[in-house]
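# A closer look at the structure
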Amino acid sequence: MSKLTLTRRRFLQWAAAAVVTSASGFGYGLLEPSLVEVEEVTLQLPGLAERLAGQRIAQISDIHLSRFTSASELLAAVRRVNSLQPDLVTLTGDFVGHEARYAAGLIEPLRLLEPPTYAVYGNHDLWTDREAVEAALAETPVVLLVNQNVEAAPGLIIAGVDDAWSGDPRPRLALAGAPSGYTNVLLCHEPDYINTIQREKAPVSLQLSGHSHGGQVRLPTTRPDGVGLATHAPLLPHMATQYPIGHYHVGSYQLYTNRGLGVWPLPFRLNCRPEITLFTLQPA
């Protein structure tokens, strides 16, 4: 999610204050962060090998371990992911909130992930202490990708770039050595980076992102947004204003922006439940 600004903090404080006028509404706003939804999404990818039809990828993003999101909540999410039996798992950044000491809470839950798991940094990981986050992840089976890629399955590459806001993302380096004819899935914390991918004509079929929390607070609207939702987020972070939630087609590319598991800077969600995504890949 975005670096804290006075405007963003003021907005979320205003949203919480507005809801407090209704005791039931306020109670729900504090409850919603615990109501994790599993979104099942089928993605039809041009060029996907027939042998990869039905391949399943789970995504968790924006865990934000902090005083608002505990290691036990992450553990519950990990157990839920395992129960879905995906072929692999992706973690798209922001493992901590504003204190790197919480990174230690990643170790025990993430050790229990059963499928192969790949991850990238988010902006909060860099703003706190990327070395601390890296050290915690190194105690788990999670493979951290910083401008690197791995062959996740025959015909399938998972690539990851450094954080696009505060790091040094190099998509060409991240995809270096990827065999011709493979389907390349890129992990990048910030969804709006898809515009750079498109501009550079990087050989990517799908980008998986987080960062926005879906807005965290979404208000009703009479005009559906770009993915058909009848709600909108009044305030969104830098690099998540164009593609803040759900599934997008951006030219020949596809993008999915996960709503995140945790919350920041306040423990409050409205019309925007936390999300675990389960993708099923199919040839177009």
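Because the structure is predicted, anything quoted here is derived from the model rather than measured.

Another point: the overall build of the protein chain. Counting its regular elements, the protein chain contains eight helices and 14 strands. The 284 residues of the protein chain split such that 55% are buried. Pairs at least 24 apart in sequence give 75% of the contacts found in the protein chain among residues at least 6 apart. Just so you have it, the protein chain exposes about 11,400 Å², and 52% of that area is on carbon and sulfur atoms.

Our focus in this paragraph is the sheet that holds strand β8 (residues 183-187). Strand order in the open sheet made by the six strands is β6-β7-β8-β9-β13-β12, with mixed pairing throughout. At either margin of the open sheet sits one strand with a lone partner, and together these are β6 (148-153) and β12 (246-250). The mean angle between the axes of side-by-side strands here comes to 20 degrees, regardless of whether they run parallel or antiparallel. Alignment of strand β9 (residues 206-209) against strand β13 (residues 253-257), held across four bridges, turns out to be parallel. By the bridge assignment, S209 is partnered in β13 with T257.

Another aspect to go through is the sheet that holds strand β4 (residues 117-120). Spatially, β1-β14-β2-β3-β4-β5 is the arrangement adopted by the six strands of the open sheet, whose pairing is mixed. Here the strands that pair on one side only, and so sit at the sheet edges, are β1 (37-45) and β5 (143-144). Bridge count for strand β2 (residues 56-60) against strand β3 (residues 88-92) is four bridges, and the pairing is parallel. Bridge pairing links Q59 to T90 in β3. Contacts from helix α3 (residues 71-84) reach β1, β2, β3 and β14 (275-283) within the one sheet, and its direction differs from that of β14 by about 25 degrees.

A few words on the packing of aromatic side chains. Inspection of the entire model under this criterion finds four aromatic pairs. Summarising the aromatic geometry, the rings of F68 and W264 are spaced 5.8 Å apart at their centres and angled 50 degrees between planes, so their arrangement reads as tilted. Linking F68 in the loop between β2 and α3 with W264 in the loop between β13 and β14, this pair joins segments that are 196 residues apart in sequence. Taking relative accessible area as the criterion, F68 reaches 21% and is therefore assigned partly exposed. Assessed through its relative accessible area of 3%, W264 is described here as buried.

As a further point, take the nonpolar core. Most often, soluble globular proteins keep nonpolar side chains buried together rather than apart. Counting 29 residues, the largest nonpolar core has L106 and L110 as the members making the most contacts within it. Elements supplying a minimum of two residues to this core: β2, α3, β3, α4 (107-111), α6 (130-138) and β14. Considering every element that reaches this core, the biggest residue donor is α3, with five residues. L43, A49, L52 and L281 belong to the second-largest nonpolar core, a separate cluster that totals 21 residues.

Okay, α3 next. Spanning 14 residues, α3 covers 20 Å between terminal C-alpha atoms, matching the ideal 20 Å at 1.5 Å per step. Among the residues of α3, those classed as buried are L74, L75, A77, V78, V81, N82 and L84. Where the residues of α3 are buried, they touch β1, β2, β3, α4 and β14. Positive backbone phi, approximately 55 degrees, marks Q85, located one or two places after α3.

This part takes up the environment of L110. Summarising the element assignment, L110 is placed in helix α4. For L110, a relative accessible area of 1% puts it in the buried group. When near neighbours in sequence (up to four residues on either side) are disregarded, L110 contacts L74, V78, L91, L137, T140, P141 and V142.

Once that is clear, we can look at the pattern of salt bridges. For the coordinates displayed, the defined rule picks out nine salt bridges. D168 is paired through a salt bridge with R170; the nearest N and O atoms lie 3.0 Å apart. For D168, a relative accessible area of 37% translates into the label partly exposed. You can call R170 partly exposed: its relative accessible area is 44%. One network of salt bridges, with partners in common, ties together E37, E39, R259, R273 and E275.

Rules used in this analysis
- Residues numbered from 1 in each chain as written.
- Predicted model: local features only at pLDDT ≥ 70, side-chain atom pairs only at ≥ 80, totals over all residues.
- Heavy atoms only, no water.
- Helix = DSSP H or I, 4+ residues; strand = E, 2+ residues; numbered from the N terminus.
- Buried < 20%, exposed > 50% of the residue type's maximum accessible area, 1.4 Å probe, protein only.
- Contact = heavy atoms within 4.5 Å.
- Areas by Shrake-Rupley, 256 points an atom, 1.4 Å probe, with all protein chains shown as cover.
- Pairing = 2+ DSSP bridges.
- Axes fitted to C-alpha atoms, helices over the stretch in contact; angles between N-to-C directions.
- Phe/Tyr/Trp six-rings, centres within 6.5 Å; stacked < 30°, edge-to-face > 60°.
- Core = buried A, V, L, I, M, F, W, Y, C linked by side-chain atoms within 4.5 Å.
- Expected span 1.5 Å × (residues − 1).
- Salt bridge = Lys/Arg side-chain N within 4 Å of Asp/Glu carboxyl O.

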